[in-house]
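Spelled out from the first residue to the last, the chains are:
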Amino acid sequence: MPIANCLVTQSCFKNIDASVDPILLWSKESTKSTEQMTINLTTIEKQLGSPYAAMVTLQLPSLWTRTDISLLQVGLVKALAKYFDISPEEIHIVTQIIHSGHVVEKSNEIVW
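Residues numbered from 1 in each chain as written. Predicted model: local features only at pLDDT ≥ 70, side-chain atom pairs only at ≥ 80, totals over all residues. Heavy atoms only, no water.

> Looking at this structure, how should I read the pairing of strand β4 (residues 91-98)?
Each regular strand displays side chains that alternate between the two surfaces of the sheet. Looking at chain direction, strand β3 (residues 54-61) and β4 are connected through 8 bridges and run parallel. Along β4, the bridge assignment pairs Leu58 with Thr95. Note on the crossover from β3 through helix α2 (residues 66-84) to β4: the handedness is right-handed. (Pairing = 2+ DSSP bridges. Helix = DSSP H or I, 4+ residues; strand = E, 2+ residues; numbered from the N terminus. Right-handed = clockwise from strand over helix to strand, strands pointing away.)

See the structure below:
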């Protein structure tokens, strides 16, 4: 259930290569399986304050180890930087840890 909700500036879409799958990039960079990985991309109309090309909320289940969390976070930064052809410094990620029983999928509460 690694889910990345990405708010990105319109300029990010100028240099993407449509043949590149960002999920595969994330998997490669994090050394984790693509199974259940999701990236949602939403274009920002206007951004105020500290500027970032991409602001990401990464949701991970609490069953991941600290090492796994680190690999997924850093791997996502690298993958998005490659996908959008931007500097990793232009990407901001905040990770939320989701506890067992706090997810409903296909009308079923998910417990791990």
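> Would you mind showing me how to read the pairing of β3 here?
Sheet topology note: the strand β1 (residues 3-8)/β3 ladder contains 6 bridges and is antiparallel. By the bridge assignment, Val8 is partnered in β3 with Ala54.

> What's the story with the state of the cysteines in this structure? I'm lost.
A disulfide bridge is the covalent bond that connects two cysteines by way of their sulfur atoms. Applying the stated criterion across every chain, the model contains 0 disulfides. Free cysteine: Cys6, not disulfide-bonded; nearest cysteine sulfur from Cys12 at 9.6 Å. By relative accessible area, Cys12 is classed as buried at 1%. (Disulfide = S-S within 2.5 Å. Buried < 20%, exposed > 50% of the residue type's maximum accessible area, 1.4 Å probe, protein only.)

> Explain the pattern of salt bridges to me, please; I cannot follow it from the model alone.
Pairs can form between side chains of opposite charge once their charged atoms are near each other. Within this structure, the stated rule accounts for 2 salt bridges. Across the salt bridge formed by Glu29 and Lys82, the nearest N and O atoms sit 2.4 Å from each other. Pair noted here: Glu29 is in helix α1 (residues 22-30) and Lys82 is in helix α2, with a separation of 53 residues, a long-range link. Between Lys32 and Asp68 there is a salt bridge whose closest N-O contact spans 2.6 Å. Pair noted here: Lys32 is in the loop between α1 and β2 (38-43) and Asp68 is in helix α2, with a separation of 36 residues, a long-range link. On the basis of relative accessibility, which here comes to 18%, the residue Lys32 falls in the buried class. Of the residues examined, Asp68 reaches a relative accessible area of 16% and is grouped as buried. (Salt bridge = Lys/Arg side-chain N within 4 Å of Asp/Glu carboxyl O.)

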